[in-house]
Amino acid sequence: MGLASNSLVEGYFYVVFDSLPFSTAQLIYPITMHILSRLHLRLVNNPPTFLLFLYIPVLKDIWIEWVDQDHPFAWDLAFYANWLSRSSPSLQKLLLTDLPLYPALSTLTGIDIHSHHTLTRPRPHYDVLEALLMVVPNLRGLALPPSIHVALPILTDISNGTLLPNLEFLEIGANTIAEQNSIIQMVKFRNRNADASPYNFDFDSDSASASISEAVSATDLSKCSPIKTLNLIVPHVYDKLKEELKGKVEGLKLAEGYRIQCIPPCEANLPRAQARTAMRWKSCRAVGAVRTAIVESSLAYL
């Protein structure tokens, strides 16, 4: 990357660590990517600590796909907040995506099977996510995977423009009906505020809506852009519930539409799926060992 520091505009890197990452002491000199504006990272296993040695002052779009076989779905948001803080003025799009972790790996590698159930995964405190969003105030597009829980205080701050006042595109996961309703109410309030129409809000009479309404009434509403596109990621549901959700989202009348993505249930108990995943995992490990050697060798010369 050092050789391309003055020429690389868009980059895509697929990094697989099959063992503990190399020592960052090998990177003696930080690297500044002077004109890199779009970056796509696909990362497997271990925090990408080498990123701390990359300074990207004009980064506009970043897409990070990640999975860790030992700590699945446990994003180190504090790490990314620290790294992205150096690119915060220019960053306009932040996409975080879970790479698939096949359920059978829980048997093969000793991963806790509960990691495949969204409601039993450990949830970081909301202030960790808040810290990340605060360092990227100029975002126009944000995608968060279902594994990152967005708490009500953060939804409230997005609804009144305290967080992400320029946000126009949002992709977010909602694992329960209550979370789905909270997100819909947040978008409804924000868009009405952005339209500068009279505040005659017909919020649903639930606790989430009441919390948002009370919090906003106690603050000065800041001018913010409307959310034009909403991608909602939800667990697989019955057709009736999906139609009800579709009706609620359609009621938002978003300028650039919406998408509801239903995640199918895990196949953890299917023997055929376990056998298929075992073969994939062995193949991935063999390829990953080669990739790791290449990546570590290359980074040693940065």
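Residues numbered from 1 in each chain as written. Predicted model: local features only at pLDDT ≥ 70, side-chain atom pairs only at ≥ 80, totals over all residues. Heavy atoms only, no water.

A.B. asks: A description of the overall build of the chain should follow, citing residues and the corresponding values.
C.D. replies: Within the chain one finds 8 helices and 10 strands. Considering the chain as a whole, with its 302 residues, one finds that 44% of them fall into the buried category. A sequence separation of at least 24 residues applies to 78% of the contacts in the chain between residues at least 6 apart. A total of about 15400 Å² of accessible surface is found on the chain, and carbon and sulfur atoms cover 57% of it. (Helix = DSSP H or I, 4+ residues; strand = E, 2+ residues; numbered from the N terminus. Buried < 20%, exposed > 50% of the residue type's maximum accessible area, 1.4 Å probe, protein only. Contact = heavy atoms within 4.5 Å. Areas by Shrake-Rupley, 256 points an atom, 1.4 Å probe, with all protein chains shown as cover.)

A.B. asks: Describe helix α1 (residues 77-84), and please don't skip the residues or the numbers.
C.D. replies: Most of α1 is tucked away, with 6 of its 8 residues classed as buried. Among the residues of α1, those classed as buried are Leu-77, Phe-79, Tyr-80, Ala-81, Trp-83 and Leu-84. Of the surrounding secondary structure, the elements contacted by the buried residues of α1 are β3 (38-44), β4 (54-55), β5 (61-67), β6 (93-98) and α3 (126-134).

A.B. asks: Which residues make up the packing of aromatic side chains, and what values go with them?
C.D. replies: Under the counting rule described, the total for this entry stands at 3 aromatic pairs. Between Trp-66 and Trp-75, the aromatic rings sit 5.3 Å apart at their centres with planes inclined by 55 degrees, giving tilted as the arrangement. Note on Trp-75 and Tyr-80: the rings are 6.0 Å apart at their centroids and 55 degrees apart in plane angle, and the pair reads as tilted. Both residues of the pair, Trp-75 and Tyr-80, belong to the buried class. Among the aromatic residues, those joined into a cluster by ring pairs are Trp-66, Trp-75, Phe-79 and Tyr-80. The ring of Tyr-14 is capped by Arg-42, whose NZ or CZ atom sits 5.5 Å from the centre of that ring. (Phe/Tyr/Trp six-rings, centres within 6.5 Å; stacked < 30°, edge-to-face > 60°. Lys NZ or Arg CZ within 6 Å of the ring centre and 35° of its normal.)

A.B. asks: Quick one: what's the story with the nonpolar core, residue by residue and with numbers?
C.D. replies: Formed by 57 residues in total, the largest nonpolar core has its most connected members in Ile-62, Trp-83, Leu-96, Leu-129, Leu-132, Leu-142 and Leu-230. With 6 residues, the top contributor of residues to this core is α1. Here Leu-132 is in contact with Leu-77, Tyr-80, Ala-81, Leu-84, Leu-94 and Leu-96, once residues within four sequence places are set aside. (Core = buried A, V, L, I, M, F, W, Y, C linked by side-chain atoms within 4.5 Å.)

From the geometry alone we can't say anything about function, so treat these as descriptive.
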